[in-house]
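# Structure assessment
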Amino acid sequence: MKSRREFLRITATVAGGLLAEFTWLPARGSQASVRFGAFVVIEPNSKVTFSIPVPEIGQGVRTAMAAILADEIGLDLSHVVTKQAPADSIYGGMAAAGSDSMADYYDRLRQVGAEIRQRFELVACQRQNSPLAAIKIEQSFAHDSTSGRKVSIFELASAAASLPIAEQTRLRPKHTLLGKAIPNVDAKSLIDGSAEYGLDIRLPGQCYAVIERSPVFASEVAVINDSAARKVKGVIDVIELRAISVSGDNYASTRGGVAVIAKSTWAAILGRRLLRIEWHQGAHATESSPSISKRLHAAFVPRPDQIVRRIGEPEKAFQTATKRVEASYELPLLAHACMEPMNFTAWVKADGAELFGPVQVPRSVQSLAAALLGMDKDRIKVTASRCGGGYGRRLAYDYAVEAIQLSRRLKRPVQVVWSREDDLSQDYYRPPSVHRLTAAIDAMGQVTAWRHHLVTSSLRSHVSGAATDLKPLYDVQGAFELPFSIPNLELAYSHIPIGTQCGSWRSVSHSSNVFVVNAFIDQLAQEVGVDAITMHKRLFAGREALTVRLPLPGRRGNEVTDLARYHKVCDAVAAASRWGKQGKQRYQGFAACRYKKSYCATIAEVVLLKGKPKVRRITTAIDCGRVINTNGVKAQVEGAAMDGWATVFQWGLVIQNGRATQRNFDAWRMPRMADAPDIHTIFVGNDNAPSGAGEPPYPAVVPAIINALAALTGQRYRTLPVENG
């Protein structure tokens, strides 16, 4: 039970006034729509519209958030319609990032739903002259247990909206929708094609732009010959765009280039093909994957930039060790390769701007546009369209800046469209990294020391400028917070700047660091003669939980590992996969990780098929707190499994002469149906608040497959993808 004061504090300050007011929306005739605060509108056509604050990037957030509200209010989900909320502080952070959507909004949405439900209950009991305890809101009806009568909530809406905020908020003790397989609320629109993506935006007088950008990072236009491009039917103009950075945030920086503006996308593409441009190539024109690798490896000598975590005296432990085990790993740049290439539509007017497109944090785009245009944020309307994949790429807003620049100059709506080649060659890639791990083992087979030297090009160096180059920040996650009971531990970090721009990727640095940590643990298990799960438990023995302070701002700096939850996912996946019962035709690999407050353990099973290894089965046990929609979590686990499979066998960006060599899906191969193993999801349930399922399943998949390959072939792959190892 929450007091009225506590409820108002939550809704007005934490959630930004989610239920600040209840108003009528006038409609034709005698009917009207009734608005309950920022999130909920009862429509006269027996539909309830929910404004979803977080962009839908394929993670199923619209269905999950609609289910939370519908469950708490007592609605039939078939009555619910979802729409994307516009960028506004009243909705909170509005970020589709870090697998935080459910963690950030679960409690807030339940509070909103409970307040609305209590209003319906009160109106129903007054109308039917029944005790309040006799009224239950279920399936969009107020049911009276004393009389057996029921009345539709649509008949009660106007009276309910006029009531004052309840003195206390009562959350439902039991869920009727949550924790089950919930149908996608947008299924019909996705099937019939009416779901609106960024490229579907159409505005009055809209024109289209494609941009020939500098092929090498930090290069500039030298000479433009656009005479042939201007002759293409439908081409309106050719405009040179200078590279810019907004508010010092390089995630909003553009490379510059030459934009062809036309009446259609196709005319703009044809015009771009006829451009003749000479470039000042800049300092990075000779950069290549081998040169990047050489520089990263050189950082192992003589000493790291920083020791970011140290326990005990590792050097003394190595001197007295019975056995010393060492391994080095190298991971490549990775592209995001979203199915929907970048695009954005901007309409800059004298008194404001309307912006549309697939973005992960619409309020950040609003702030960015305000800084770029010199306008107040309240004059800028940002609507996030459905995204055809995000994975961290749509946290960078270079494509939005381009559209804003062009619209301001042309004084009309402009839709900037990236081709697949643009998307793969102009990405903010996952940083490359090399790792050297060393462990000391005593005569009893105990690991007495652990040293990990991580060398990478910090993803922050291209996000916030050179000032953060040497600060590890996000780069050490997945390696820093390990809950080892090892008495001597050291994590060292070195940053090597490169010309190729880097940024966030699915699970950020966990995607790299969890791989090398788990692969090395598997090797240590083999050295001391135990299985990998036993080795994990041995390394983490003697603790119930561990709290470490990461070099990150705010709440993200405090990382807590609950070992009981960690062990539960390990035991659950072992039981589901018949761990340890491998034979000549069945080889397994294990890996586990914690990502924020979620826990995952994965076992991959490989077989030899026609002389080549094939992943036959991937099983993941996940503890992501309370599960909202089992369909949604399974989809995330399955997507993570296939991303992990592709990371092992196919993905690795090659840089030559300062540019990416893979420019389309003929070279950047995506997984096919024939590649897919059987994928199984095990839910390790608890009553904790939801803690995210989009990123946590990915990191353990790659080492699980690599460890299974080691069991099959006897070879430990230390360079990815394995076809290049």
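For the structure, see preceding data.
Attention here is on the structure that accompanies the text. (Residues numbered from 1 in each chain as written. Predicted model: local features only at pLDDT ≥ 70, side-chain atom pairs only at ≥ 80, totals over all residues. Heavy atoms only, no water.)

### Quick look at the overall build of the protein
- Summing up its helical and strand segments, the protein has 17 helices and 32 strands in all.
- Here the C-alpha atoms of the protein give a radius of gyration of 27 Å, agreeing with the 27 Å that 2.2 N^0.38 yields for 725 residues.
- Counting every position in the protein, which comprises 725 residues, the buried fraction comes to 59%.
- Expressed as a percentage of contacts within the protein between residues at least 6 apart in sequence, the contacts between residues at least 24 apart total 75%.
- Accessible surface for the protein amounts to roughly 28,900 Å². Of this, 51% is attributable to carbon and sulfur atoms.
- Of the side-chain charges in the protein, 88 are positive and 67 negative, and the distance between the mean point of each set is 1 Å. (Helix = DSSP H or I, 4+ residues; strand = E, 2+ residues; numbered from the N terminus. Rg over C-alpha atoms; globule rule 2.2 N^0.38 Å. Buried < 20%, exposed > 50% of the residue type's maximum accessible area, 1.4 Å probe, protein only. Contact = heavy atoms within 4.5 Å. Areas by Shrake-Rupley, 256 points an atom, 1.4 Å probe, with all protein chains shown as cover. Lys, Arg positive; Asp, Glu negative; His and termini not counted. Charge placed at Lys NZ, Arg CZ, Asp CG, Glu CD.)

### Focus on the sheet that holds strand β16 (residues 306-311)
- One open sheet holds the 5 strands; their spatial order is β16-β24-β23-β22-β17, and the pairing between them is mixed. The open sheet has two edge strands, β16 and β17 (323-331), and neither has a second partner. Here the strands of the sheet are splayed against their neighbours by 10 degrees on average, with no regard to which way each runs.
- As paired strands, β16 and strand β24 (residues 488-495) are joined by 5 bridges and run antiparallel to one another. Note on β24: the bridge partner recorded for I307 is A492.
- Packed onto the sheet, helix α8 (residues 289-298) meets β17, β22 (433-441) and β23 (447-456) and runs at close to 35 degrees relative to β22.
- Against the sheet, helix α13 (residues 510-528) engages β17, β22 and β23, with an angle of about 150 degrees to β17. (Pairing = 2+ DSSP bridges. Axes fitted to C-alpha atoms, helices over the stretch in contact; angles between N-to-C directions.)

### Some details on unusual backbone geometry
- In this model, L720 is joined to P721 through a cis peptide bond whose omega is -5 degrees.
- When you line up the elements, P721 lands in the segment after α17 (701-713).

### A short note on empty space enclosed by the protein
- Applying the stated criterion to the full structure yields 4 cavities of 30 Å³ or more.
- Looking at the largest cavity, its volume works out to about 170 Å³.
- Taken together, 16 residues line the largest cavity, and the ones lying closest to its centre are G478, L482, A592, C593 and R594.
- Mapped by element, the contributors of at least two residues to the lining of the largest cavity are α13 and β27 (587-595). (1 Å grid on protein atoms, 1.4 Å probe; cavity = no way out; pocket = protein on both sides within 12 Å on 5 of 7 lines; lining within 4 Å. Points joined across faces, edges and corners; volume = space filled by probe spheres on them.)

### Quick notes on the sheet that holds strand β8 (residues 141-144)
- Across the sheet, 3 strands lie side by side as β7-β8-β9; this open sheet has antiparallel pairing. A single partner strand is all that each edge strand has here, and the edge strands are β7 (135-138) and β9 (150-152). Taken over all neighbouring pairs, the strand axes of this sheet differ in orientation by 25 degrees on average, direction set aside.
- Across 4 bridges, the pairing between β7 and β8 is antiparallel. Within the sheet, the bridge partner assigned to K136 lies in β8 and is H143.
- Across the sheet, helix α4 (residues 153-161) lies against β7, β8 and β9, angled at about 70 degrees from β9, the strand it touches most.

### Quick notes on the pattern of salt bridges
- Here the structure, examined in full by the defined rule, presents 32 salt bridges.
- Residues E240 and R242 are paired through a salt bridge, measuring 3.1 Å at the closest nitrogen-oxygen approach.
- Residue classification places R242 among the exposed residues on the basis of a relative accessible area of 53%.
- For D398, the salt bridge is made with R393, and the minimal N-O distance between the two is 3.2 Å. (Salt bridge = Lys/Arg side-chain N within 4 Å of Asp/Glu carboxyl O.)

### So, the pairing of strand β18 (residues 343-349)
- Counted residue by residue, β18 has 5 buried out of 7 residues, so it is predominantly covered.
- In terms of strand pairing, β18 meets strand β19 (residues 352-357) through 5 bridges, oriented antiparallel. Bridge assignment links W347 to a residue of β19, and that residue is E354.
- Count of turn residues in the β18/β19 antiparallel hairpin: 2 residues.

### Points about α8
- When α8 is considered as a whole, its buried residues turn out to be I292, S293 and L296. Seen along its axis, α8 keeps its buried residues to an arc of 100 degrees; they face one direction. Along α8, the residues that are exposed and aim more than 90 degrees away from the buried face are P290 and K294.
- Each element contacted by the buried residues of α8 is listed here: β17, β22, β23 and β30 (655-656). (Arc of directions from axis to C-beta.)

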